[in-house]
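# Survey of secondary and tertiary structure
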Amino acid sequence: MMEERIAQLEALCQAASEGPWSWIEPDRGELGSIEPDICKFGIEANYYPVAGEAPTEDDARFITEARTALPELLAEVRRLREEKSRLWAFVDEVAEMAERDNTVDIFIQELRRGVSR
């Protein structure tokens, strides 16, 4: 994932209403809504042909989980990228020491060739 896309998704998360969100099945005949009222799906009969099909339980679960899951995943992507940078800095440092001492190990050469940065 490119850095620009990660930044866009983080901005999207920051601009959205606070989470976690939940799915509520109201007694008024509506299929459901997200609490707080993020979007209302209205009565199922109103979906076709104007707005497509009513959301399923899986749709509701996805919508509510995405509010907290996306920020968690983005934080993990950032953490892993930082860890990868630290590891490559270490590999580079060890490789430079080995090159300086004229003792470049095959393992280090293969590691540098085989692992993408």
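Description of the structure in this document. (Residues numbered from 1 in each chain as written. Predicted model: local features only at pLDDT ≥ 70, side-chain atom pairs only at ≥ 80, totals over all residues. Heavy atoms only, no water.)

Along the protein, the regular secondary structure elements total three helices and two strands. Shown N-terminal to C-terminal, the secondary structure of the protein runs as helices and strands in the order α-β-β-α-α. Expressed as a percentage of the 117 residues in the protein, the buried residues total 20%. Summed over its atoms, the accessible surface of the protein is roughly 9,000 Å², and 56% of this surface lies on carbon and sulfur atoms. (Helix = DSSP H or I, 4+ residues; strand = E, 2+ residues; numbered from the N terminus. Buried < 20%, exposed > 50% of the residue type's maximum accessible area, 1.4 Å probe, protein only. Areas by Shrake-Rupley, 256 points an atom, 1.4 Å probe, with all protein chains shown as cover.)

Moving on: the pattern of salt bridges. Under the criterion given, the structure shown has six salt bridges. A salt bridge links Glu 10 to Arg 78; the shortest N-O distance between them is 2.9 Å. Separated by 68 residues along the polypeptide, Glu 10 in helix H1 (residues 3-15) and Arg 78 in helix H2 (residues 57-100) bring together distant segments of the chain. The residue Asp 58 makes a salt bridge to Arg 61 at a minimum N-O spacing of 2.7 Å. With Asp 58 and Arg 61 both in helix H2 and three residues apart, the pair spans about one turn of that helix. Here Asp 58 falls in the exposed class, since its relative accessible area comes to 52%. For Arg 61, a relative accessible area of 46% gives the class partly exposed. Connected through salt bridges with shared partners, the residues Glu 3, Glu 10, Arg 78 and Arg 81 form a single ionic network. (Salt bridge = Lys/Arg side-chain N within 4 Å of Asp/Glu carboxyl O.)

The terminal C-alpha atoms of H1 lie 18 Å apart, and with 13 residues this matches the ideal 18 Å at 1.5 Å per residue to within 8%. Those residues of H1 not exposed but buried are Ile 6, Leu 9 and Cys 13. Seen end-on, H1 carries its buried residues on one side only, within an arc spanning 65°. More than 90 degrees from the buried face of H1, the exposed residues found are Glu 4, Leu 12, Gln 14 and Ala 15. Against H2 lie the buried residues of H1. (Expected span 1.5 Å × (residues − 1). Arc of directions from axis to C-beta. Contact = heavy atoms within 4.5 Å.)

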